[in-house]
Amino acid sequence: MNRDFIIVQNAHTNNLKNIDVEIPKHKFVVFTGISGSGKSSLLFDTIYTEAQRQLIETFSTFARTRMPKLSRPDVDDILNLSTAIVIDQKRMGNNLRSTVGTATEINTYLRILYSRTAKPFIGPSFYFSFNHPEGMCPECNGLGKQIKIDLDIFLNRDLSIHDGAITHPHYKAGGFLWKELITMNIIDTIKPLKEFSEEELDLLLYSAPFEIKDARQKLAYNRNFEGIARKLEKAVAGRADDETADDEKKCLYKVF
Ligand SMILES: Nc1ncnc2c1ncn2[C@@H]1O[C@H](COP(=O)(O)OP(=O)(O)OP(=O)(O)O)[C@@H](O)[C@H]1O
Ligand SMILES: [Mg+2]
């Protein structure tokens, strides 16, 4: 008998018309055909069902009474079957925080494992989560990569802020954040960016939040200023891919 094939004899599950097939083993085999032609009937309802049934037969009576009862599929015989695994399609979320670990839920077990076997220096097991503020890496916020703004696209250094040096749509000349940046009175908005010192540029882009004291007018909304690149990078790290607006994607981010 040829052991390199799964041999199906006289399959008549559902609409299968007494089919004999030999399926090569150790190969990538595809069944195609129009809807209703019987692909699932052959694969799931015949071959897989029989593989499960044979597997369960090897278990003890005790185990078997706790397994689903499978009746013999409508087929005379299937030879050379080994244990079968059915893999179903499942859409992965396109959230930045979704990984193989979280999608398969293995991550949950790993966290418990780490919280039990590691030196318990930070308490509850949820701290062993890269998605928990207390557990995440402070450099990448638990993403495993850093998302940085591409400054060559983000800035037009020939211009002043007033004339539209910040190309991000949120900061376009006349817009709300543009007005706010001018009102805040902490950064020279008349000087072209290319004349900024390194400190001035760093203040604009990456300063930690601080309170604004000498605004030109009463500020409508923000009383604190935070570097504009830093703020955007934080925002984009905290949301799903599809939550980023299309016009914002044009001003793209570099991933490190
Ligand atoms: N449990 C069932 N009981 C009775 N008839 C069934 C059963 N499952 C499928 N059939 C019928 O068997 C035929 C083959 O269906 P099957 O699902 O195997 O087709 P398919 O090739 O997998 O189609 P699709 O491409 O849509 O998945 C169809 O006529 C269907 O109505
Ligand atoms: Mg099908």
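Above this note sits the structure.
Residues numbered from 1 in each chain as written. Chains lettered and ligands numbered in written order. Predicted model: local features only at pLDDT ≥ 70, side-chain atom pairs only at ≥ 80, totals over all residues. Heavy atoms only, no water.

A. Fine view of the pattern of salt bridges. Following the criterion strictly, the structure yields six salt bridges and no others. A salt bridge links Asp158 to Lys194; the nearest nitrogen and oxygen atoms lie 3.2 Å apart. One end of the pair, Asp158, is in the loop between α5 (151-154) and α6 (176-184); the other, Lys194, is in the loop between α6 and α7 (198-206), and 36 residues separate them in sequence. One exposure class covers both Asp158 and Lys194, and it is exposed. Put simply, Glu50, Arg53 and Glu57 are held in one network by salt bridges that share partners. (Salt bridge = Lys/Arg side-chain N within 4 Å of Asp/Glu carboxyl O. Helix = DSSP H or I, 4+ residues; strand = E, 2+ residues; numbered from the N terminus. Buried < 20%, exposed > 50% of the residue type's maximum accessible area, 1.4 Å probe, protein only.)

B. How the structure looks around the nonpolar core. With 22 residues, the main nonpolar core has Phe154, Ile166, Leu181, Leu204, Leu205 and Ile228 as its most contacted residues. Of all the elements in the fold, those that place two or more residues in this core are α6, α7 and α8 (228-237). Leaving out residues up to four positions away in the same chain, Ile228 has contacts with Phe154, Ile166, Tyr171, Leu204 and Leu205. (Core = buried A, V, L, I, M, F, W, Y, C linked by side-chain atoms within 4.5 Å. Contact = heavy atoms within 4.5 Å.)

C. A look at the packing of α7 against α8. Interhelical geometry of α7 versus α8 gives an angle of 30° and a closest axis separation of 3 Å. When the axis of α7 is compared with that of α8, the two are roughly parallel. Contacts from Leu204, Leu205 and Tyr206 of α7 reach α8 at Ile228, Ala229, Arg230 and Glu233. Of the residues contributing to the contact of α7 with α8, the split by class is five nonpolar, no polar and two charged. (Axes fitted to C-alpha atoms, helices over the stretch in contact; angles between N-to-C directions. Parallel < 35°, antiparallel > 145°, perpendicular 65-115°, else oblique. Nonpolar A, V, L, I, M, F, W, Y, C, P; charged D, E, K, R; others polar.)

D. Quick peek at α7. Taken as a whole, α7 has its buried residues at Leu201, Leu204 and Leu205. Each buried residue of α7 sits inside an arc of 85° when the element is viewed along its axis, so together they form one side. Its buried side turned inward, α7 meets α5, α6, β6 (224-225) and α8. (Arc of directions from axis to C-beta.)

E. Spatial organisation of the site of ligand 1. For ligand 1, the full set of nearby residues is Asn14, Asn15, Ile34, Ser35, Gly36, Ser37, Gly38, Lys39, Ser40 and Ser41. Taking Ser35, its side chain carries an N or O atom lying 2.6 Å from an oxygen atom of ligand 1. Between ligand 1 and the protein, one listed contact pairs an oxygen atom with a side-chain N or O atom of Ser40 at 2.8 Å. Here ligand 1, which alone exposes 630 Å², has 49% of that area covered by the protein. When its residues are assigned to classes, the shell around ligand 1 shows one nonpolar, eight polar and one charged. (Near = heavy atom within 4 Å. Polar contact = N/O pair within 3.5 Å; in protein donor to acceptor, adjacent residues only side chain to side chain. Areas by Shrake-Rupley, 256 points an atom, 1.4 Å probe, with all protein chains shown as cover.)

F. Region of the structure containing the side chain of Ser129. Summarising the element assignment, Ser129 is placed in the loop between α4 (106-117) and β4 (147-149). For Ser129, the contacting residues outside a window of four places in its chain are Arg111, Gly135 and Met136.

G. Broad picture of the sheet that holds strand β2 (residues 19-24). One open sheet accounts for three strands, arranged β2-β1-β3; its pairing is antiparallel. Edge strands, defined here as strands with exactly one partner in the open sheet, are β2 and β3 (77-79). On average, adjacent strands in this sheet sit at an angle of 10° to one another, irrespective of strand direction. (Pairing = 2+ DSSP bridges.)

H. Here's a closer look at unusual backbone geometry. One non-glycine residue with positive phi stands out, namely His26, at about 55°. Position of His26 among the secondary structure elements: in the loop between β2 and α1 (39-57).

I. Summary view of the pairing of strand β1 (residues 5-11). By the criterion of burial, β1 is predominantly enclosed, with five of the seven residues buried. The sheet contact formed by β1 and β2 spans five bridges and is antiparallel. Looking at the pairing, Ile7 lines up with Glu22 of β2. The sheet contact formed by β1 and β3 spans three bridges and is antiparallel. By the bridge assignment for β3, Ile7 is matched with Leu79.

J. Molecular detail of the packing of aromatic side chains. Under the defined criterion, the tally for this structure stands at one aromatic pair. One residue, Arg66, lies across the ring of Phe62, its end atom 3.9 Å from the ring centre. (Phe/Tyr/Trp six-rings, centres within 6.5 Å; stacked < 30°, edge-to-face > 60°. Lys NZ or Arg CZ within 6 Å of the ring centre and 35° of its normal.)

K. Representation of the environment of Leu205 within the structure. Within the secondary structure layout, Leu205 lies in helix α7. Spatially, the C-alpha atom of Leu205 lies 4.8 Å from that of Ala229, the residues being 24 residues apart in sequence. Sequence-distant contacts of Leu205, that is, excluding residues within four places in its chain, are made with Leu151, Phe154, Leu155, Gly227, Ile228, Ala229 and Arg230.

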